[in-house]
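What follows is each chain in one-letter form.
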Amino acid sequence: MLRHIHGLSPFPGAWCEMAIDGDEVRVKILRCEPAKGSGAPGDLLDDRLAIACKDGAIRILELQRAGKAPMKAGDFLRGTPLKPPMRLA
């Protein structure tokens, strides 16, 4: 998954959808790194954007909400706190 995301960044981009404030929001993943953990693919594993994949997990480092400027994951989480057991689609 890590190579897939980096290979598609910045264009056309790898993306997912997150439920934020009751709305499904499209988010482009720009940079990530390997992370520890496991679960069903798409499961949020912690409050620092570790996401379970088929094999292992990734941590999102930089992302971009639809219509917004790119931002680091820490800046995104300050305004949008996410907690497990959230699932990304």
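Since this is a predicted model, take the numbers as computed values, not measurements. (Residues numbered from 1 in each chain as written. Predicted model: local features only at pLDDT ≥ 70, side-chain atom pairs only at ≥ 80, totals over all residues. Heavy atoms only, no water.)

## Brief notes about the overall build of the protein chain
Looking only at helices and strands, one finds two helices and five strands in the protein chain. Counting from the amino terminus, helix and strand elements in the protein chain follow one another as α-β-β-β-β-β-α. Within the protein chain, the fraction of its 89 residues that count as buried is 36%. For the protein chain, contacts bridging at least 24 residues in sequence account for 51% of all contacts bridging at least 6. Total accessible area on the protein chain stands at roughly 5600 Å², and carbon and sulfur atoms take up 53% of it. (Helix = DSSP H or I, 4+ residues; strand = E, 2+ residues; numbered from the N terminus. Buried < 20%, exposed > 50% of the residue type's maximum accessible area, 1.4 Å probe, protein only. Contact = heavy atoms within 4.5 Å. Areas by Shrake-Rupley, 256 points an atom, 1.4 Å probe, with all protein chains shown as cover.)

## What about the confidence of the model for the protein chain?
Per-residue confidence for the protein chain gives a mean pLDDT of 87, with 89% of residues at or over 70. Ranking the helices and strands of the protein chain by mean pLDDT puts strand E5 (residues 71-72) first, with 96, and helix H1 (residues 2-8) last, with 67. (pLDDT = per-residue confidence, 0-100.)

## Points about the environment of Ala19
Tracing the backbone through its elements, the reader meets Ala19 in strand E1 (residues 14-20). The class for Ala19 is partly exposed, based on a relative accessible area of 41%. Separated by 67 residues in sequence, Ala19 and Met86 have C-alpha atoms that sit 8.2 Å apart. Dropping the residues within four chain positions of it, Ala19 is found in contact with Glu24 and Met86.

## Digging into the nonpolar core
Soluble, globular proteins show a tendency: their nonpolar side chains are buried together. Within the largest apolar cluster, 22 residues are counted, with the highest numbers of intra-cluster contacts made by Met18, Leu44, Leu49, Phe76 and Leu82. When residues of this core are traced back to their parent elements, those giving at least two are E1, strand E2 (23-35), strand E4 (57-65) and helix H2 (73-79). (Core = buried A, V, L, I, M, F, W, Y, C linked by side-chain atoms within 4.5 Å.)

## Thoughts on the packing of aromatic side chains
Centre distance and the angle of the planes are the two values used to describe a pair of aromatic rings. On inspection of all chains with the given rule, the structure shows zero aromatic pairs. For Arg26, the ring lying beneath its charged end belongs to Trp15, and the centroid distance is 3.6 Å. (Phe/Tyr/Trp six-rings, centres within 6.5 Å; stacked < 30°, edge-to-face > 60°. Lys NZ or Arg CZ within 6 Å of the ring centre and 35° of its normal.)

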